[in-house]
Amino acid sequence: MIAVFNILRKPLRLLILPLIALALAACEPVGMTNLNGVKGPKVDTTKPIPVALLIPRGGSAADNLLAQELENAARLAIRDLAGVQIDLRVYGTGGNAATEGTTAAQAVTDGAQIILGPLYGEAANAAGNAVAAQGVNVLSFSNNPSIAGGNVFVLGQNFNDTSNRLVRYAKTNGKDRILVLHGQDLAGQLGRDAILKAIAANGATSAGTVDYALSQTAVTAAVPRVKAAIDTNGANAIFLTTSSASALPLFAELLPEAGINGATTQYIGLTRWDIPPQTLALPGVQGGWFALPDPGATSAFTQRYKAAYGDTPSPVAGLAFDGIAAVGALAKSGKSDALSARRLTQGAGFRGANGVFRLMSDGTAERGLAVATIRDKRVVIVSPAPQAFGGAGF
């Protein structure tokens, strides 16, 4: 039995991928109407496009490290652009939501036509509100879908996207009666809702939900309830919202001990089960399914970043790369409304640091995810990430 069990109690600070761009103007942007009837910047794609990058420089040591990685990745992406010039303008915000709105407004006054960042959800919401009247879009690094919409896009891998990919795969493979096991915290509730939505959208069947408080005692007490729900409702899959930093290690030991056999009841994870590497050794994750970004694209980006800067980037860094890649692709169209919501949400999407992705009309991002399993403590891809989306592009 596991003697020590660390459950995260910090406030949820959901992160997301980067996808933000700014168009150059000598002074304030000239208004034009986009698809939604909202005024936005008129872009001259023959000139350098000013992109405001809002990073949490000036905050904690961890935030400062992330800030540098985001800036590095953005500059790495700029090197890839052919026929497009980006005027990258970096603003350190200290990760403070109280000042993000002021900083975003100043960036637009300075000529920014699109904003890349901020990192945290509350800050992104403040930035979006501050520049909404000017019609400037904000491509946040957050993955919190609750702030998405209007002029705010969240670029990170979100629960809805992950749930849809995994439920589709599960149903295709005969695991279509799904029990949801979730924490009572905000992350657990958001995860539960995303999974239930995906179950309904993909024609699978809900086999109920089991919740638990964030304590070792509560997690242990939830196990017999899970077993009873599986037996009563005929579940052939159990979808866990927890992560390796929270209740996953304990559930991965106790659920198999309770007789919930992975050979008959498929374990599915909403979070990455390969991080940290020690997670791969947990008994309950063997044979389980989870989603991850395109491994080939991620590896290529990591190698390029390391060659340029000498360090291995965190997953968040790729978001800034994605933002610049999207701006460059849009600018190549030569359209004066290149940074409008209509252009940002073009169906073909973009190719970024972690594979293909596209922005949706609701402000969220859809990413081309792979499905992986764990065999003999190693990650094995069972369903590759798509290499393209259907839909009109350039």
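Our structure is the block above this text.
First, a word on scope: everything that follows refers to the structure included in this document. (Residues numbered from 1 in each chain as written. Predicted model: local features only at pLDDT ≥ 70, side-chain atom pairs only at ≥ 80, totals over all residues. Heavy atoms only, no water.)

## Structural notes on the overall build of the protein chain
Applicable threshold: Helix and strand assignments come from DSSP, with helices taken as H or I runs of at least 4 residues and strands as E runs of at least 2, each series counted from the N terminus. Exposure classes here rest on a 1.4 Å probe applied to the protein chains alone. A residue is buried below 20% of its type maximum, exposed above 50%, and partly exposed in between. Contacts are assigned to residue pairs that have any heavy atoms within 4.5 Å of one another. Each accessible area is a Shrake-Rupley result for a 1.4 Å probe, and residues are judged covered by the shown protein chains and nothing else.
What the protein chain contains, in helices and strands, is ten helices and 17 strands. Looking at the protein chain as a whole, 53% of its 394 residues are labelled buried. Counting only contacts in the protein chain whose residues sit at least 6 apart along the sequence, the fraction spanning at least 24 positions is 72%. Summed over its atoms, the accessible surface of the protein chain is roughly 15800 Å², and 52% of this surface lies on carbon and sulfur atoms.

## Overview of helix H3 (residues 121-131)
Residues separated by three or four positions in an α-helix point in the same direction, a consequence of the helix having 3.6 residues per turn. Heads up, the condition is: When we speak of the arc, we mean the arc of directions from the helix axis to the C-beta atoms.
Among the residues making up H3, those that are buried are Gly121, Ala123, Ala124, Ala127, Gly128 and Val131. End-on, the buried residues of H3 take up no more than an arc of 160°, which puts them together on one face. Facing away from the buried side of H3 by over 90 degrees, the exposed positions are Glu122 and Asn129. At its buried positions, H3 is contacted by helix H2 (97-109), strand E5 (114-116), strand E6 (137-140) and strand E7 (152-154).

## As for the sheet that holds strand E8 (residues 177-183)
Here is the rule: Strands qualify as paired when DSSP identifies two bridges or more between them. Fitted lines through C-alpha atoms serve as axes, helices being fitted only where they are in contact, and the angles separating the N-to-C directions of these axes extend from 0 to 180 degrees.
Spatially, seven strands are ordered E9-E8-E10-E11-E12-E16-E17 in an open sheet, and the strand pairing comes out mixed. In the strand order of this sheet, the two ends are held by strand E9 (205-212) and strand E17 (378-383), each with one partner. Between one strand axis and the next, the sheet turns by 30° as a mean value, whatever way the strands run. For strand E10 (residues 237-240) and strand E11 (residues 266-269), the ladder comprises four bridges, and the chain directions are parallel. If you follow Phe239 over to E11, its bridge partner there is Ile268.

## Considerations on the packing of helix H1 (residues 61-80) against helix H8 (residues 295-309)
Any two packed helices are characterised by how steeply their axes cross, that is the angle between the axes, and by the distance between the axes. Keep this limit in mind: An angle below 35 degrees is read as roughly parallel, one above 145 as roughly antiparallel, one from 65 to 115 as roughly perpendicular, and any other as oblique. Under the scheme applied here, ten amino acids are nonpolar (Ala, Val, Leu, Ile, Met, Phe, Trp, Tyr, Cys and Pro), four are charged (Asp, Glu, Lys and Arg), and all others, including Gly, are polar.
The contact between H1 and H8 brings their axes to 11 Å, and the two run at 100°. In terms of orientation, H1 and H8 fall into the roughly perpendicular class. Every residue of H8 that contacts H1 at Gln68, Glu69, Asn72, Ala73, Arg75, Leu76, Arg79 and Asp80 is listed here: Phe301, Arg304, Tyr305, Ala308 and Tyr309. Residues belonging to the contact of H1 with H8 are distributed by class as follows: six nonpolar, two polar and five charged.

## As for the nonpolar core
The cut-off we apply is this: Only buried residues count toward a nonpolar core, which is a set of Ala, Val, Leu, Ile, Met, Phe, Trp, Tyr and Cys residues joined through side-chain atoms within 4.5 Å.
Residues Ile49, Val51, Ile86, Leu116, Leu139, Phe141 and Ile324 are the most contacted members of the largest nonpolar core, which totals 45 residues. Listed by contribution, the elements that provide at least two residues to this core are strand E3 (49-55), H1, strand E4 (86-92), E5, H8, helix H9 (317-331), helix H10 (341-344) and strand E14 (355-359). Ranked by the residues each element gives to this core, the list is headed by H9, at nine residues. Of all hydrophobic cores here, the second largest spans 33 residues; its members include Leu250, Tyr267, Trp273 and Phe290.

## Digging into the pairing of E6
The side chains of a regular strand alternate, first on one face of the sheet and then on the other. Stated formally: Handedness of a crossover is defined as follows: with both strands directed away from the viewer, a clockwise route from the first strand across the helix to the second makes it right-handed.
Burial along E6 is two-sided: the face carrying Asn137 and Leu139 and the face carrying Val138 and Ser140 are both buried. One ladder, built from three bridges, connects E5 with E6; its direction is parallel. Bridged to Leu116 within E6 is Leu139. Traced from E5 through H3 to E6, the parallel crossover comes out right-handed. Both E6 and E7 contribute to a ladder of three bridges, which runs parallel. The partner of Ser140 across the bridge, within E7, is Val154.

## Details of empty space enclosed by the protein
A water-sized probe rolled over the atoms picks out the places where empty space is left. For the record, the criterion: For each structure, a 1 Å grid was placed over the protein atoms alone; sets of points admitting a 1.4 Å probe that cannot get out are labelled cavities, open sets with protein on both sides within 12 Å along at least five of seven lines are labelled pockets, and lining residues have an atom within 4 Å of a point. Grid points are joined across faces, edges and corners, and a volume is the space filled by probe spheres set on the points.
With the rule as written, the count across this model stands at two cavities of 30 Å³ or more. Taken as a whole, the second largest cavity holds about 30 Å³ of empty space. Considering the residues around the second largest cavity, the lining is formed by Leu240, Leu248, Phe251, Ala252, Leu255, Tyr267, Trp273, Gly284 and Val285. The dominant element in the lining of the second largest cavity, judged by the number of residues it contributes, is helix H7 (residues 248-257), at four residues. In the lining of the second largest cavity, the residues fall into eight nonpolar, one polar and no charged.

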